[in-house]
Amino acid sequence: MEHFQMIIDGQSVDGSGGEVIESTNPYSEQVWATVARGTEEDVNRAVEAADRARRKGPWGQMTATARGALMRRFAEIMAEHAQRLAEIEVRDNGKLLAEMGLQLRYIPQIIHYFAGLADKVEGTVPPIDRAGHFTYTRREPVGVVAAITPWNSPLMLATSKIMPALAAGCTVVLKPSEFTSASTIEFAKLFKEAGFPDGVVNVVTGFGKDVGSALTTHPKVAKVSFTGSDYGGRAVYEAAAKTFKTVTLELGGKSPNIVFDDCVMEDAVKGAVSGIFAASGQTCIAGSRLLVQRSIHDQFVERLLDLARTAKLGDPMLETTQVGPITTPPQYEKVLSYLEVAKGEGAEPVLGGNTSDVGKWFVEPTILTGVNNNMRIAREEVFGPVLGIIPFEDEEEAIEIANDTIYGLASGVWTQSMKRAFTMANALEAGTVWVNTYRAASFTTPFGGYKNSGVGSENGISAVESFLKRKSVWINYGADVPNPFVMRIG
Ligand code: NAD
């Protein structure tokens, strides 16, 4: 049994309470590791270390170019550990090694992108309407950042937070999900090897209710970057408001994947399957509402079933496996309860609808017809391999159904009409619209949610902006100091 310690101020340490959290492999159902259970006291030490590293340590004095160079060095070291880290993630979250391997090999590219942005943060020189004065603006790091991540793609999501934060000059306290902490700890150890000063990146492992909430209420944390459920996001937003922290929230979704009768059917079928069965549906961008134009509904469902039936469930470590287990017992219970909800609402499972005997936490890929957009199965995030098919008549109705949701993370459109592609892209209320593709993402392109799917966005140049604040500096180089009792404007 392996044991993973937290990283505070460059040291590997256990929680101050001496307790541990067990980590279970969702495929083998075996506890394979223990992880230190952090406390409020540990959070205080980590935040103090991060604050010190920024104010007094070498990090704060380093040029942005030197910071970028350190990040590049980290990317190179991390690349050497990609396979090992991917295997740890699979052991923890049961997602396919094929997918986690791809993510981990991609992460160094993300780091290089943000390393390159470190010394491209520029201030401005506004033209000033005052004689004898000069003003300029500086972009400064917000300060200590709390980064809180979920269990579905631990390192990919942590990278999207830590790297723009470091490029901006911030320091970080990272809290991974209590279900999948091991890879984050191993990843963070590499910062020391890359030559990062102690305290710049800290990891405190533990539960949301103690470590998470201690971070979001700590007065020395300036920003919280959170990815998780809308339930968790709301708690974070409320807590952060008390000390006026800024937040980025990447939350859940109930994304519409819309198939028009002029689509390339073979592509749309693949897009529908990848939208919901990849990662066993445990992705925030899952295309869990499949809107199909009525004129092709029956034909499309038939083609969809032909492909979905071929999905091979099994050991996520094997190349041949296409659908792995559900990651956590509470999530497994949640998916099962939604299968009951759907059946109770009159939805008809034309595929799956039950648990699978491949393993304890497996759910069959499930396709439901007879779904309408008012049903709970169409309104609430399941986060599992459960697809509801909703027919529509025309473009107007598709837009109405697609936007009739509290969420707005992603959406897909399958059509060969350019006019329709642009019309839909404008009309859909979601942070991402994919046309003739689904689940595409890149560090170059902003990603964020509309409505209850989030606040702010990650990725792209604007991600660095979100870890900066702006300061205006006024220099009087020749004007008389004015009447002290009257504020001068203009
Ligand atoms: P979760 O909200 O239960 O937990 C996420 C993280 O927040 C965990 O580290 C948890 O310990 C912590 N946390 C929970 N309550 C907290 C609190 N009150 N204060 C501070 N921290 C707290 O989410 P989850 O079940 O781990 O992840 C699944 C959810 O994440 C889904 O809803 C999914 O859609 C969403 N998600 C969103 C994105 C995105 O980019 N929009 C990406 C991946 C996952």
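As the structure is a prediction and not an experimental result, all values here were calculated from the model.

Caption draft 1: Looking closely at the pairing of strand 5 (residues 31–36). The buried fraction of strand 5 is high, at five of six residues. Inspection of the sheet shows strand 1 (residues 2–4) paired to strand 5 by three bridges, in the parallel sense. Following the sheet pairing, H3 is matched in strand 5 by T34. Both strand 4 (residues 20–24) and strand 5 contribute to a ladder of five bridges, which runs antiparallel. By the bridge assignment for strand 5, E22 is matched with T34. Hairpin connection between strand 4 and strand 5: a loop of six residues separates the two successive antiparallel strands, and E29 in this loop has a positive phi of roughly 65°.

Caption draft 2: Structural context of the sheet that holds strand 18 (residues 432–435). Pairing in this open sheet of seven strands is mixed, and the strands run 14-15-16-13-12-17-18 from one edge to the other. Because the sheet does not close on itself, it has two edges, and the strands there are strand 14 (348–351) and strand 18. Direction aside, neighbouring strands of the sheet carry axes that sit 25° apart on average. Relative to strand 16 (residues 386–392), strand 13 (residues 289–293) is paired through five bridges, and the arrangement is parallel. What sits directly across from Q293, in strand 16, is F392.

Caption draft 3: Quick look at helix 7 (residues 182–194). With 13 residues, helix 7 ought to run about 18 Å at 1.5 Å a step, and its terminal C-alpha atoms sit 19 Å apart, in line with that. Judged by how many residues are buried, helix 7 sits mostly within the fold: 10 of 13 residues are covered. Listed as buried for helix 7 are A182, S183, T184, I185, E186, F187, A188, L190, F191 and A194. Just past helix 7, the residue G195 takes up positive phi, approximately 100°.

Caption draft 4: Structural detail: the layout of surface pockets. Considering only enclosed or pocket space, the second largest pocket measures out at about 470 Å³ in volume. Only helix 2 (58–61), helix 3 (64–80), strand 6 (133–141), helix 6 (154–168) and strand 22 (468–476) provide two or more residues apiece to the lining of the second largest pocket. In terms of residue count, the dominant contributor to the lining of the second largest pocket is strand 6 (four residues). Grouping the amino acids of the lining of the second largest pocket by side-chain chemistry returns nine nonpolar, three polar and seven charged.

Caption draft 5: Local environment of the domain arrangement of the chain. Each assigned domain of the chain is listed here: domain 1 (2–251 + 453–473) and domain 2 (256–435). Domain 1 and domain 2 are separated by 32 Å when their C-alpha centres are compared. Buried surface at the junction of domain 1 and domain 2, both sides included, amounts to about 2100 Å², of which 65% is carbon and sulfur. Counting across the interface, domain 1 meets domain 2 through zero salt bridges. There are seven residue pairs in polar contact (both at pLDDT 80 or more) connecting domain 1 and domain 2. At five residues, the largest contribution of residues to the side of domain 1 that touches domain 2 is made by helix 4 (residues 82–93). Residues of the side of domain 1 that touches domain 2, tallied by class, amount to eight nonpolar, five polar and eight charged.

What counts, and at which threshold
Within each chain, residue numbers correspond to sequence positions counted from 1 in written order. With pLDDT at 70 or above as the cut-off, local features in this predicted model cover only qualifying residues; side-chain atom pairs require 80 or more to be listed or tallied, and sums for whole chains, interfaces and linings still use all residues. Excluding hydrogens and water, the side-chain values take into account all heavy atoms of the structure. Throughout, exposure labels follow a simple rule: accessible area from a 1.4 Å probe, protein chains only, divided by the maximum for the residue type, with under 20% read as buried, over 50% as exposed, and the rest as partly exposed. Here a strand is any run of E in DSSP of at least two residues, a helix any run of H or I of at least four, and the numbering for each starts at the N terminus. When DSSP finds two or more bridges between a pair of strands, those strands are recorded as paired. Lines fitted to C-alpha atoms define the axes here, with helix axes fitted over just the stretch in contact, and angles between the N-to-C directions of these axes take values from 0 to 180 degrees. In a helix, the anticipated span is given by 1.5 Å times the number of residues less one. Definitions used throughout: a 1 Å grid over protein atoms alone; a cavity as a set of points that fits a 1.4 Å probe which cannot get out; a pocket as an open set with protein on both sides within 12 Å along at least five of seven lines; a lining residue as one with an atom within 4 Å of a point. Grid points are joined across faces, edges and corners, and a volume is the space filled by probe spheres set on the points. In this classification, the charged set is Asp, Glu, Lys and Arg, the nonpolar set is Ala, Val, Leu, Ile, Met, Phe, Trp, Tyr, Cys and Pro, and all remaining amino acids, among them Gly, are polar. Here the bounds of each domain stem from an automatic or database domain assignment. Throughout, buried area stands for the accessible area (probe radius 1.4 Å) lost by two parts on being put together, summed over both. Salt bridges are identified by distance alone: a Lys or Arg side-chain nitrogen within 4 Å of an Asp or Glu carboxyl oxygen. Definition of a polar contact: a pair of N or O atoms within 3.5 Å, with one able to donate and the other able to accept a hydrogen when the atoms are protein atoms, and with sequence-neighbouring residues admitted only if both atoms are side-chain atoms.

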